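# A structural walkthrough
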Amino acid sequence: MLARSLFLQLIPPFLLATFILTFILSMDTVYKLINLIVSRGVPVGSVLLMLLYRLPQFLSVTLPIAVVITVVVVLVRLSNDLELTAMGASGLSPWQLSVPVATFGLLATILDLGITLWMQPAGYAAYEEETLRLLRSQTAKTIRPGVLNYDFPGKVLYVESKSPNEELEGIFISDTELRPSSMVSLSSKGQLLIREKEQDILLQLKQGTMHFGNAEGGYRTMDFEEFQYQFRPPQLDGSPNRKVWGVPTMDLIQADEYFGEQTRQRELQLRLTTPMACLAFALAALNIGMVDPRRGRSNAYLQALALIVIHYILWSFSKELTIGKEPMKAVVLWIPPILIGLWGVYQIQLNHQNWRGPLMWCWDHLPFKNLSDSKT
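Residues numbered from 1 in each chain as written. Predicted model: local features only at pLDDT ≥ 70, side-chain atom pairs only at ≥ 80, totals over all residues. Heavy atoms only, no water.

## Some thoughts on the overall build of the chain
For clarity, the cut-off: Comment: elements are numbered from the N terminus, with helices defined as DSSP H or I runs of at least four residues and strands as E runs of at least two. Burial classification: accessible surface area is computed with a 1.4 Å probe over protein chains only, and a residue below 20% of its type maximum counts as buried, one above 50% as exposed, and the rest as partly exposed. Whether two residues are in contact is decided by their heavy atoms, any of which lying within 4.5 Å being enough. Values of accessible area rely on a 1.4 Å probe in the Shrake-Rupley scheme; residue burial ignores everything except the protein chains shown.
Scanning the chain from N- to C-terminus turns up 11 helices and 5 strands. For the chain, with 376 residues in total, the buried portion stands at 43%. Here the contacts in the chain between residues at least 6 apart in sequence split such that 63% fall between residues at least 24 apart. With the model as given, the accessible surface of the chain reaches about 20500 Å², and the carbon-plus-sulfur share is 64%.

## Regarding helix H3 (residues 44–80)
As a reminder of what qualifies: To estimate the expected span of a helix, subtract one from its residue number and multiply by 1.5 Å. What is called the bend at a residue is the angle between a pair of axes, fitted to the seven residues leading up to and ending at it and to the seven starting from it.
Compared with an ideal rise of 1.5 Å per residue, which puts 37 residues at 54 Å, H3 spans 48 Å between its outermost C-alpha atoms and falls more than 12% short. When the local axis directions of H3 are compared, the greatest deviation, roughly 35 degrees, occurs at arginine 54, which is followed within four positions by the proline proline 56. Looking one or two places after H3, you find leucine 82, whose phi comes out positive at around 65 degrees.

## Here's the deal with helix H9 (residues 335–353)
Our working definition: Along the arc lie the directions from the helix axis toward the C-beta atoms.
Given a rise of 1.5 Å per residue, 19 residues ought to cover 27 Å, and the 27 Å separating the end C-alpha atoms of H9 matches this to within 8%. Among the residues making up H9, those that are buried are Pro336, Pro337, Ile340, Gly341, Gly344, Gln347, Ile348 and Asn351. Along the axis of H9, the buried positions cluster into a sector of 125 degrees, meaning they face one direction only.

## Remarks on the environment of leucine 49
Along the polypeptide, leucine 49 turns up in helix H3. A C-alpha to C-alpha distance of 10.0 Å links leucine 49 and glycine 123, two positions 74 residues apart in sequence.

## Side note on the pairing of strand E2 (residues 167–175)
The test is simple: Pairing between strands is defined by DSSP: at least two bridges between the two strands are required.
With 7 bridges connecting them, strand E1 (residues 155–162) and E2 associate as antiparallel partners. Looking across to E2, one finds that valine 156 is bridged to serine 174. Between E1 and E2, which pair antiparallel and follow one another directly, the connecting turn spans 4 residues, one of which, glutamate 166, has a positive phi of 70 degrees. Of the pairings in the sheet, the one linking E2 to strand E3 (residues 183–195) comprises 6 bridges and is antiparallel in character. Following the sheet pairing, phenylalanine 172 is matched in E3 by leucine 186.

## Thoughts on the pattern of salt bridges
Definition in use: The working definition used for a salt bridge is a side-chain nitrogen of Lys or Arg within 4 Å of a carboxyl oxygen of Asp or Glu.
For the coordinates displayed, the defined rule picks out 4 salt bridges. Here lysine 32 and aspartate 28 are joined by a salt bridge, their closest N and O atoms 3.3 Å apart. In this pair, lysine 32 and aspartate 28 both sit in helix H2 (residues 27–40), 4 residues apart, roughly one turn of the helix. By relative accessible area, which is 30% here, lysine 32 ends up partly exposed. Residue classification places aspartate 28 among the partly exposed residues on the basis of a relative accessible area of 45%.

## Focus on the packing of aromatic side chains
Inclusion rule: Pairing of aromatic rings covers Phe, Tyr and the six-membered ring of Trp, with a centre-to-centre limit of 6.5 Å; geometry is then stacked below 30 degrees between planes, edge-to-face above 60, and tilted otherwise.
Applying the stated rule across the entire model yields 5 aromatic pairs. Residues phenylalanine 281 and tyrosine 312 carry aromatic rings whose centres are separated by 6.5 Å and whose planes lie at 50 degrees to one another, so their mutual orientation is tilted. One end of the pair, phenylalanine 281, is in helix H7 (residues 261–289); the other, tyrosine 312, is in helix H8 (residues 298–321), with 31 residues separating them in the sequence. Summarising the aromatic geometry, the rings of tyrosine 312 and tryptophan 315 are spaced 6.0 Å apart at their centres and angled 90 degrees between planes, so their arrangement reads as edge-to-face.

## Thoughts on the confidence of the model for the chain
Put simply, the rule reads: Per residue, pLDDT measures the predictor's confidence, with a range of 0 to 100.
Summing up the model confidence of the chain, the mean pLDDT is 79 and the portion of residues at 70 or higher is 81%. Below pLDDT 50 for its whole length, residues 234–241 participates in 19 contacts with residues either more than four positions away or in separate chains. Low pLDDT, under 50, characterises residues 355–361; the stretch is placed with 10 contacts to residues that sit more than four places away or in other chains.

In structure tokens form, the structure reads like this:
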């Protein structure tokens, strides 16, 4: 009954903490998406859809942090209300107390696994599709005759006129920062094509001239009948284009011809290890939340913050170790949650030994007491 009551008390603060943390984490993306409405005239419905597609990414990060906050806040409150003291007096050990907390952490891990393995890849894929659809509709609006266009990375584009069928005429394109080795292209006509499979933009120029320079002051020109510029799509929200994020987990397990074995293993291990922080945090936060009512609660909150920071430092370091390494090196991503979880189990065991109080623990370990017990 006590375990069930403790488990139910963890749910409301967990939902509240998840909502607040997700809202805070998404503020930067919300600002960038709102900028799309103001600067590019993107429909509000499309912006809301893009935000919805990004929510799984935010939730996969906020769920483990919400577990720490929830366990520490609830247990600190129980400690200050002397409820944990009453539970200890009734014979409830820290290991028995850890059962509802560990169950809560395990359920949060399963929920986060569902997000990272299924919802997050689907959200990324849908986000890229919506971005490409917006690019198709917005490209015609952003390229206006007589106006310099800086939407393409490192290039500036200028067109004299544009026909109703979106064919460009009088095209000038050059590097944004002109150097002696820069290339300037002039073309009589051309057209922009958005390729869905490659997720890029192709600028096809026809009947033009290319002007080259070099560091020694030389200069030459080259006429062409047809030339193509290939651009990565301008990211509407400033986020990097990571195609592997949108690959379904089952496809990631079965094939590696598109991304390579190292990239495939790294992404797969990230999807598996990120949710494991929920269970590890639940075990580690249990001992942090069991405080002495006379010492206050601020120390527990500082320890919880330090736990989160230490874990994500280890996690970031592990991610860096997997870049450019052999595929098997991706298993180092399991080290942070395993270390945090083992530390939590160790602290629970220490607390279990001292659960009866320091005087009773010393009494149980007196040498003459053990000697007298053996004689009897």
